[in-house]
Every structure is written in C-alpha cells, then in structure tokens.
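Listed below, chain by chain, are the residues.
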Amino acid sequence: MNVDQLRHSFHRDGYLALPGILSVAEIDELHHAVERLEAMGAEPAADPAQFRFAAFGDDGGGRRLQQVGEPHALDDTWLALARHRKLLPLVSALLDSDVSLYYSMFMMKPARHGFRAPWHQDLAFFVHDRDGLIAAQVYLDDSTIDNGCIEVVPGSHRFGLLNHFRDGAFAEQVQGDVSAFDESKVAVPMPAGGVVLWSSLTLHSSGPNRSDRPRRAVVFEYKDPSTSLMGGAFDRVREINPVGVSLFEKDPTFTTASQLRTVNNQGGNHD
Ligand SMILES: O=C(O)CCC(=O)C(=O)O
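Residues numbered from 1 in each chain as written. Predicted model: local features only at pLDDT ≥ 70, side-chain atom pairs only at ≥ 80, totals over all residues. Heavy atoms only, no water.

A.B. asks: Can you walk me through the overall build of the protein in this structure?
C.D. replies: Across its full length, the protein holds eight helices and 16 strands. Residues counted as buried form 53% of the 271 residues belonging to the protein. Across the protein, every contact between residues at least 6 apart in sequence was considered, and the portion connecting residues at least 24 apart equals 86%. Entry remark: accessible area of the protein is about 11800 Å², with carbon and sulfur atoms responsible for 50%. (Helix = DSSP H or I, 4+ residues; strand = E, 2+ residues; numbered from the N terminus. Buried < 20%, exposed > 50% of the residue type's maximum accessible area, 1.4 Å probe, protein only. Contact = heavy atoms within 4.5 Å. Areas by Shrake-Rupley, 256 points an atom, 1.4 Å probe, with all protein chains shown as cover.)

A.B. asks: So what exactly am I meant to see when it comes to the sheet that holds strand E8 (residues 150-152) here?
C.D. replies: To summarise the sheet geometry, strands pair through backbone hydrogen bonds and adopt either a parallel or an antiparallel arrangement. Taken together, the four strands give an open sheet; going across it, the order is E5-E13-E8-E11, and neighbouring strands pair in antiparallel fashion. For this open sheet the edge positions go to strand E5 (117-120) and strand E11 (186-188), each flanked by a neighbour on one side alone. The sheet shows a mean angle of 25° between the axes of neighbouring strands, direction not considered. As paired elements, E5 and strand E13 (residues 204-206) share two bridges and run antiparallel to each other. Residue pairing in the sheet places His120 in a bridge with His204 of E13. (Pairing = 2+ DSSP bridges. Axes fitted to C-alpha atoms, helices over the stretch in contact; angles between N-to-C directions.)

A.B. asks: What is the right way to look at the packing of aromatic side chains in this model?
C.D. replies: Two aromatic rings, taken as a pair, are described by how far apart their centres are and by the angle between their planes. Taken as a whole and assessed by the stated rule, the structure comprises nine aromatic pairs. Taking the centre distance of 6.0 Å and the plane angle of 45° together, the rings of Phe220 and Tyr222 count as tilted. A relative accessible area of 0% means that Phe220 is categorised as buried. (Phe/Tyr/Trp six-rings, centres within 6.5 Å; stacked < 30°, edge-to-face > 60°.)

A.B. asks: Looking at this structure, I do not really get the site of the ligand. What am I missing?
C.D. replies: Around the ligand, 13 residues are found, and the nearest of them are His120, Asp122, Gln137, Ser206 and Arg215. His120 has a polar side-chain atom sitting 3.0 Å from an oxygen atom of the ligand. The separation between an oxygen atom of the ligand and a polar side-chain atom of Ser206 is 2.6 Å. Burial of the ligand by the surrounding chains reaches 97%, relative to a free accessible area of 290 Å². Counting residues per element, the ones that place at least two in the shell around the ligand are strand E4 (100-109), E5, E13 and strand E14 (215-223). Split by residue class, the shell around the ligand holds six nonpolar, four polar and three charged. (Near = heavy atom within 4 Å. Polar contact = N/O pair within 3.5 Å; in protein donor to acceptor, adjacent residues only side chain to side chain. Nonpolar A, V, L, I, M, F, W, Y, C, P; charged D, E, K, R; others polar.)

A.B. asks: Looking at this structure, I do not really get helix H1 (residues 3-13). What am I missing?
C.D. replies: One turn of the α-helix equals 3.6 residues, which is why residues spaced by three or four share an orientation. Within the span of H1, buried status applies to Val3, Leu6, Ser9, Phe10 and Asp13. Along H1, the residues classed as buried sweep out an arc of 125° about the axis, all on the same side. Pointing more than 90 degrees away from the buried face of H1 are the exposed residues Asp4 and His8. The residue sitting at the N-terminus of H1 and contributing the capping side-chain oxygen is Asn2; that oxygen lies 3.0 Å from the backbone nitrogen of Asp4. Where H1 terminates, the next one or two residues include Gly14, which has phi positive at roughly 85°. (Arc of directions from axis to C-beta.)

A.B. asks: Before we go on, may I ask you to explain the environment of Ser104 in this structure?
C.D. replies: For Ser104, the location among the structural elements is in strand E4. Separated by 31 residues in the primary sequence, Ser104 and Ala73 place their C-alpha atoms 8.8 Å from one another. Ignoring anything within four residues of it in the chain, the contact list for Ser104 reads Val68, Gly69, Glu70, Pro71, His72, Val219 and Phe220. A polar contact of 2.7 Å, which involves the side chain of Ser104, links it to the side chain of His72.

A.B. asks: Looking at this structure, I do not really get the packing of H1 against helix H4 (residues 88-95). What am I missing?
C.D. replies: Helices that pack against each other are described as a pair by the angle of their axes relative to one another and the distance between those axes. Look at H1 against H4: their axes get within 10 Å of each other, and the N-to-C directions meet at 60°. In terms of axis orientation, H1 runs oblique to H4. You can see that H1 and H4 cross each other, and the crossing is right-handed. Of the residues in H4, those in contact with Val3, Leu6, Arg7, Phe10 and His11 of H1 are Leu90, Ala93 and Leu94. Its residues assigned to classes, the contact of H1 with H4 comprises six nonpolar, one polar and one charged. (Parallel < 35°, antiparallel > 145°, perpendicular 65-115°, else oblique. Left-handed = near helix turned anticlockwise from the far one by under 90°.)

A.B. asks: Help me out: how do you make sense of the nonpolar core in this one?
C.D. replies: Core analysis: the biggest nonpolar cluster contains 40 residues, and Trp78, Leu87, Leu197, Phe220 and Tyr222 have the highest contact counts within it. If we ignore the near neighbours within four places in the chain, the residues touching Leu197 are Phe10, Gly14, Tyr15, Leu16, Leu18, Leu87, Leu90, Val91, Leu94, Ile134, Ala135 and Ala136. Formed by 23 residues, the second largest nonpolar core is a distinct cluster that contains Tyr139, Ile150, Val152 and Trp198. (Core = buried A, V, L, I, M, F, W, Y, C linked by side-chain atoms within 4.5 Å.)

A.B. asks: For this particular structure, what's the right way to read the pairing of strand E12 (residues 195-199)?
C.D. replies: A regular strand carries its side chains on alternate faces of the sheet. Counting buried residues along E12, five of its five residues qualify, which places the element largely inside the surrounding structure. Residues of E12 alternate between two faces, with Val195, Leu197 and Ser199 on one and Val196 and Trp198 on the opposite face, all of them buried. Note that strand E1 (residues 15-18) and E12 share four bridges and pair antiparallel. Looking across to E12, one finds that Tyr15 is bridged to Trp198. For strand E7 (residues 133-139) and E12, the ladder comprises five bridges, and the chain directions are antiparallel. Note that in E12 the partner of Val138 across the bridge is Val195.

Shown next, in the form of structure tokens:
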C-alpha cells in the first residue's frame, strides 16, 4: 500500500497494522536495550513511578518488570526508534502535521503473566482538544492471541470520547456494557518488528499472556504539536514528560511535515 492508501485505511478503521517495519538486526538491538532497562529497573534507586511491576490493575504477583515510562529519556535506542525513518514519516502523514512525542512506554507481558488491558480510549487518559494523537506500538516479540495481542473495535474512533469515570474516579476503562465491543472486536496479531498504530479515540484492549513467551513492545504516543492538553487523569505523563519532545528539533533533516511527506512518498511502500 502507498501512503495515501495507508492514510485512507487509518482514517476509515482507526488503526493500521504494518508488519516488517524493523529488520532482524534492529529487533536484536532492541532486545539488548530491554536488558539495559531491566538492569536499570533492578537498581535500588529505580523510580517506582517509572519502573512498574504491575499494569492495568494487575497485582504484580510475578514481580517482573511490566512497564517502563519514557524509555526514550533513558536510552537513545528508544528515541532513535521513535524517529525511525519508516515510522515517523508515516505518522506525520497520518496526522498531516509535524510530530511531537507526547510519551513513550515500554510494555512487557511476561510469559504466563502480564496484564489484561480493558477496553479504553487513550484520549480519556490525556484529554486533548481534538483527536490529534496517534499511538504506535512496536513489537519486539511476536504478538499473538495467546500472548495478549492488541484488539480494536474498527471505526470506534468515530464514537467520540466515552465515559471512563466510575463513582467520580478515573477507572482506566470504558464504563457500561462492553459486550458489543467484545462482539465486534478484531484481534491484531503482529510479528516481531511490526507496528500497530491507533488513533487516540480508537477503542482497544488486550488479553493476558497465556503463553510461555513474553510479549514485549513499546508504545510511542505521537501528537500534532498544535493539539492542546485539556485535562485528564494520567498524572504520570505530566510528572515524567511534561512537554513532550519535538522530534523535529532533534533531527535537522526532518524539518517540516512536508519534507517528511516527500521522504515518505519516495520510499513509503509498506507492502
Ligand atoms: O500493550 C497492551 O496490550 C495494551 C496497550 C494499551 O492499551 C495502550 O498503550 O493504550
């Protein structure tokens, strides 16, 4: 598919699944970067708000690292990945704007453990004035139904922002009867090195890891820098990375969105 077809598909369905973005050597390099994160997380001084042993209501019983907030600020390997030439130009084309990195999150579902993510829209965690944010989840392992791949409700980015509050508190999940979402969901398995992108209004969830294999992935939340934060309950983001990182400022070869689109149109064949 060319970039226009990818844009059409993303705006129609609210998500995109792109296998084969990273090479085997790049995946291998990321596995080493994960080992470095795990070593940092084992340090007594590791910030428990950044290195988390539980996620999405999980009890952390496995005592395995499950989330690392803002890995791009800890190790340049992750920042380089956020700026990957096959990813950043595409995100720019989908947003039709320059791109800031709003946050990054390494997510590990350890074998036979790992969280279940209930149905939610990312925008509920960080309410913005419009749907100008896109998540890109990059897989370091094969992500399968067995080990808890992402599930989406196609077209749900057109539902508007749904209620995520229960008894006056942010509940990290959509409230009410979700059976219609369970019935219309699409599982999005992805081989290591692939990427799944979704809009900040796309309803998504994922199951626990029932396999003997870990499911490691990193999520980059990209945004159109002209999109403004209006509120939300995701304090961790504001504590750790209050302003986001302008990816363009970091790389003089990526100065404007139109330059990115030129790059993309020259080399943007993702088949
Ligand atoms: O990695 C997962 O399974 C869930 C991730 C997710 O829901 C999110 O990043 O919003």
